[in-house]
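Spelled out, the chains give:
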Amino acid sequence: MLSRSGAGKRISHLVNVLKATALSSYKEWAAYRNQMAVSVFVGPVFFLTQMFIWRAVYATRTTLNGLTLEEMLTYYGITAVIGYLTYDSADWNLQWLVRTGGFLTFMLRPVSHCFYAFAEKVGHRLLALLVEVLPIYVIFYFVFKIKLIPAAPSWALLSLALSFILVFLTNYCIGLSAFWLTRTEGLRRAFLTLRDLSAGMLIPLTFFSEGMQKVLFYLPFQFITYAPIRVFIGHYELAGITLPIPQVVALQFLAVVLMFLLSRILWYFGIKRFTGVGA
Amino acid sequence: MRTNLRIYLAGVKTALASRMAYRGDYFLSILIMLLVEMAAPLITILIYENGASFPGWSMYEALLIQGVFLLGKGIAYPFFFGIVWNTVERVRGGAFDLLMIKPKSALFMAIVTGFDAEDLGKLIGGATLFTLALRRLPPPGVGEWLQFLALFLITLLTLFAYGVTLAGIGIVWIGNIRVYDIFNSLTNFGLYPAAIFSKPVQTVITGIIPIAILGSVPATVLLGRPSPGTWRAVGVSFLFLAGSLSFWRAMLKKYTSAGG
C-alpha cells in the first residue's frame, strides 16, 4: 500500500514537471513563433517540388513499386506532417550544454535531464502543432487535395506517439555522445542523414534493393517515419514482409523500449566522464 | 584587389585554424556534408534503378544537372555564402557593429569572417558528382565548355545575390536562421530538369526568380541542347544581383545595433 502511494506520488511529480516544463517551453518558443511559421511556406514548397518530380516519373506508368501517384504523394504528405510533429533538437541541446558547461546546473536539479528534455520537446511540439502542423495539414488537404486521413485513426495516433518518443530517444543518444566527443556536430549530421534515409523520409524504403530492405527492416529507424506512414495508410510491407498493423505498432513499441535502454546505458557511462569543462 | 585578397585569405586561415581545434569532428563534418548533398542524386538513382525516369532525360543527364547545382553550391557555401549565418548571428549578438567600424565595407567583412570550412565537403561532393556524370555522357565540345563556363559564372553570381539578399533579410528579421530553409525550398526546383515542371513554373524559375540558372540552364548547354529562355535567365540573374546589392544597402540603413 505504501509503495503504491509512493509510486502515485512519483507519477504525480513527473506529470507536474512535464506540465510545468512543457508550458514554459511553449511560452518561450511562442516568442519565436515567426521562425516556426516559416514552415508554412517551406513545407508546401518542398512538397510542390515532389509533386512535379513524381508526376513526371508517373507520366509513363500508373504504379511504381506498388504505389500509385496518389499514394506516393500521400506518402510525402504524411512524411512532412510526421516530420513537423516529431521534430527534435535534443541532440543539439545536450551537446551544447555539455560543451558550454551549462549541463552542470542540471546535475543540481531534482529532475532527470532526459525527462526535462522530453518535457521541453512536448511544449515545443505543442506550439508547432498550432503554428506548423495544422496550417500545413489544411494546405495539403485543400490546396494539394491530399487526403491525409488515417485508415485506422487510433492505431495511427498510437504509432505517431511512439514515433515522437523514438525520435527523442535516438536524438538524445546522439546528444549523449558529447560526453565523449565534446563537439558532436559531425556525428550529429551523419546520424541525421542516415536516420532520414533509413527512416524513409527521403524516399519510400521499398525503392531500395531487396538486400538493403532486409537490413533496413532490422534497424529501428524505419519506426520513426516509414512504419507510422504505413500504419497511417493501413498496410505494411518491407523487404517482402507483410505485417498486420497491430504487430507493426507492437514492434515500434519494442524499438522504443530498446532505445530507452540504450539511452540509459549511454547515460550511465557518459555521466562519469562529465567534468563540467566549459563552465 | 591584392589587399582584399590578402584580407580574405587571412579570414580563411583564421576560420580553418579555429575549426581545427576539433579536427576529428571537422573531418567527419566534411565527409557528412558530402553525403548530405548526395540525397537528391540518390533519389534520382533510385528512381532510375526502379525502372522509372524523368521523361526525355537519361539518368546521367539528370545527375549532371544536380552535379552543376551542387558544384555551384559547393563553391558558394564555403567561400561567400557564409555571409548569411555570419550576418544573422552577428546582428543577433550585437557583433555586427564590429564589421561596420572596419576600414572595409561591411559586406566584404561579412564575407571574410564568414568562411565556412565545413562546407568544403559540399564542394568535394559537387565536383565528384559533376565529374562522374560527365564521364558517362558524350564529351562536350570546346564551344559548349566556353558557354558552360560563362553560364556557370552567372550561376555563382546568382548564388552570391541570394546570399546578399538572405543576409539583408537577416539584418531586419533578427536571429532567423530559417532563411536557409526558405532558400533551400525555393532552389530545390533547380536540382531537376526545368522541362519536368509545368509551363507556368518553368516561366517562374527561368524568367522571374533565377532558379533554373543554378543547375538546369548551364547543364543543358553542356549537353548540347540549351534550355529555352537561357538569355532571359541570364538577364534576370543580373537584375537579381543588382537588386540584391540595393536591398543590402537599404537593409544596412535599417540596422539599429540593438543586438546583444
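(A) Just helix H12 (residues 226-233) of chain A, in detail. All names here are of chain A. Counting buried residues along H12, 7 of its 8 residues qualify, which places the element largely inside the surrounding structure. Packing partners of the buried residues in H12 comprise helix H4 (69-86), helix H8 (153-176), strand S3 (236-238) and helix H13 (245-270). Note on H12: the residue one or two positions beyond its end, Gly 234, has a positive phi of about 110°.

(B) Focus on the interface of chain B and chain A. Counting residues at the interface gives 36 residues for chain B, matched by 37 residues for chain A. Roughly 3100 Å² of surface becomes buried between chain B and chain A when both sides are summed, with 70% attributable to carbon and sulfur atoms. For the interface between chain B and chain A, the tally reads 1 salt bridge. A salt bridge links Arg 178 of chain B to Glu 132 of chain A, with the shortest nitrogen-to-oxygen separation between them at 3.6 Å.

(C) Structural context of the pattern of salt bridges. For the structure on display, the rule yields 10 salt bridges over all chains. A salt bridge links Glu 132 of chain A to Arg 125 of chain A, with the nearest nitrogen and oxygen atoms 3.2 Å apart. Note on Glu 132 of chain A: relative accessible area 4%, which makes it buried. Since its relative accessible area comes to 5%, Arg 125 of chain A is described here as buried. One salt bridge in this structure joins Arg 178 of chain B and Asp 181 of chain B, with 2.8 Å as the shortest N-O distance. A relative accessible area of 16% means that Arg 178 of chain B is categorised as buried. Note on Asp 181 of chain B: relative accessible area 28%, which makes it partly exposed.

(D) Summary view of the confidence of the model for chain A. Here chain A shows a mean pLDDT of 91. Residues at 70 or above account for 97%. Element-level pLDDT for chain A is lowest in helix H10 (residues 185-198) of chain A, with a mean of 82, against a maximum mean of 96 in H13 of chain A.

(E) Seen up close, the environment of Ile 177 of chain B. Residue and element names in this part refer to chain B. Inspection of the secondary structure puts Ile 177 in the loop between helix H9 (142-172) and helix H10 (179-187). C-alpha separation for the pair Ile 177 and Val 88, spaced 89 residues apart in sequence, amounts to 6.7 Å. Excluding residues that lie within four positions of it along the chain, Ile 177 makes contacts with Trp 85 and Val 88.

The rules we used
Residues numbered from 1 in each chain as written. Chains lettered and ligands numbered in written order. Predicted model: local features only at pLDDT ≥ 70, side-chain atom pairs only at ≥ 80, totals over all residues. Heavy atoms only, no water. Buried < 20%, exposed > 50% of the residue type's maximum accessible area, 1.4 Å probe, protein only. Helix = DSSP H or I, 4+ residues; strand = E, 2+ residues; numbered from the N terminus. Contact = heavy atoms within 4.5 Å. Buried area = accessible area lost by both parts, 1.4 Å probe. Salt bridge = Lys/Arg side-chain N within 4 Å of Asp/Glu carboxyl O. pLDDT = per-residue confidence, 0-100.

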